[in-house]
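Summary of the model geometry
Given next are the chains, with one letter for each unit.
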Amino acid sequence: MTTKIAVTVQDVPTPAGDARVHWYLAPSARLVLALGHGAGGGVEARDLQALAAALPRQDVTVALVEQPWRVAGKRVAPAPTSLDEAWRALWPALTAPGLPVVAGGRSAGARVACRTGAELGAAGVLALSFPLHPPGKPEKSRADELTGAGLPTLVVQGGRDPFGRPDEFPPGARPVEVPYGDHGFAVPKKAETTQDEALAVITRAVEEWLRSF
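Conventions and cut-offs
- Residues numbered from 1 in each chain as written.
- Predicted model: local features only at pLDDT ≥ 70, side-chain atom pairs only at ≥ 80, totals over all residues.
- Heavy atoms only, no water.
- Helix = DSSP H or I, 4+ residues; strand = E, 2+ residues; numbered from the N terminus.
- Contact = heavy atoms within 4.5 Å.
- Buried < 20%, exposed > 50% of the residue type's maximum accessible area, 1.4 Å probe, protein only.
- Pairing = 2+ DSSP bridges.
- Right-handed = clockwise from strand over helix to strand, strands pointing away.
- Salt bridge = Lys/Arg side-chain N within 4 Å of Asp/Glu carboxyl O.
- Core = buried A, V, L, I, M, F, W, Y, C linked by side-chain atoms within 4.5 Å.
- Axes fitted to C-alpha atoms, helices over the stretch in contact; angles between N-to-C directions.
- Parallel < 35°, antiparallel > 145°, perpendicular 65-115°, else oblique.
- Left-handed = near helix turned anticlockwise from the far one by under 90°.

1. A few points about the environment of R88
In this structure, R88 sits in helix α3 (residues 80-95). Expressed as a C-alpha distance, the spacing of R88 and Q195, which sit 107 residues apart in the sequence, is 34 Å. Leaving out residues up to four positions away in the same chain, R88 has contacts with T116, E119 and L120.

Right, here's the structure in full:
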């Protein structure tokens, strides 16, 4: 019999407006994984939802965090400094359960976690679809942001992500590759890897990595 995952929603005030935390609660949690979304989408992203469905059964509570701009219904994300400010303000809500917190997110959310994780006392950083550079502009690298996180870091990257393919990452930050995945981890219908298999690559990699915490 499959255990039903309890889900609660919490609004958290920040200087940029209310953020919203969607808690996917593990019955016997030993860890919280807090994940922010990207600049072009929300917590409904396929990778975030896959982790929220899988990890509570591994004793990891997942907190999917909607930034204030998204809660307010805006379509364009604010500057990185505003994203970081809101993340810092909601951090006490993420640590309130009294458990270690691994910070992370996809794309812009991964960048926020990398920039703020060490100062906030995160146990580690999970970077999903890290935007290593703008599409077609590898010279504008954000590698320093990733390698400068100063915490145990796992990167999971689509094999055909235009924001940075796995082989473009520096030594020491080489990602787990999701075959055929794009920036949203979508795979072509004719690919040898199915969409479900691609998501399983993500959940297995994250589950294994989190066992070290």
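2. Overview of the pairing of strand β4 (residues 60-66)
Counting buried positions along β4 yields 7 of 7 residues, so the element is predominantly enclosed. Residues V60, V62, L64 and E66 line one face of β4 and the alternating positions T61, A63 and V65 line the opposite face, and both faces are buried. In terms of strand pairing, strand β3 (residues 31-36) meets β4 through 6 bridges, oriented parallel. The residue of β4 that forms the bridge with V32 is T61. Since β3 and β4 lie parallel, the crossover through helix α1 (residues 46-54) that links them has a hand, and here it is right-handed.

3. Some remarks on the pattern of salt bridges
Going through the model one piece at a time under the given rule, you end up with 9 salt bridges. As a salt-bridge pair, R20 and D11 come within 2.7 Å of each other at their nearest N and O atoms. Of the charged contacts, one joins E145 and R111 as a salt bridge, the two residues approaching to 2.6 Å between their closest N and O atoms. One end of the pair, E145, is in helix α5 (residues 143-147); the other, R111, is in helix α4 (residues 108-120), and 34 residues separate them in sequence.

4. Regarding the nonpolar core
Ranked by internal contacts, the top residues of the largest apolar core, which has 33 residues, are W87, W91, L94, F130 and L146. The set of elements that each furnish at least two residues to this core consists of β2 (19-25), β3, β4, α3, β5 (101-106), α4, β6 (124-128) and α5. Broken down by element, this core gets its largest block of residues, 6 residues, from α3. Residues contacting W87, with those up to four places away along its chain left out, are A34, L35, G36, V65, Q67, L94, A103, G104, V112, T116 and L120. The next biggest cluster of nonpolar side chains, apart from the first, holds 30 residues, and it includes I5, L35, L51 and A52.

5. Some thoughts on the packing of α3 against α4
Where α3 meets α4, the closest approach of the two axes is 10 Å, and the angle between their N-to-C directions is 40 degrees. The angle between α3 and α4 falls in the class oblique. Crossing of α3 over α4 shows right-handed handedness. Residues P80, L83, D84, W87, R88 and W91 of α3 form the contact with α4, whose own contacting residues are V112, R115, T116, E119 and L120.

6. Remarks on the sheet that holds β4
Strand order in the open sheet formed by 8 strands is β1-β2-β4-β3-β5-β6-β7-β8, and the pairing between neighbours is mixed. Each edge of the open sheet is held by one strand with a lone partner, namely β1 (6-12) and β8 (176-178). Between one strand and the next, the sheet's axes are offset by a mean angle of 20 degrees, whatever the strand orientation. When β3 meets β5, the two strands line up parallel, connected through 5 bridges. Note on β5: the bridge partner recorded for V32 is V101. Lying over the sheet, α1 contacts β2, β3, β4, β5 and β6, oriented at roughly 150 degrees with respect to β4. On top of the sheet, helix α6 (residues 195-210) reaches β3, β4, β5, β6, β7 (153-158) and β8; it is set at about 160 degrees to β8, its chief contact.

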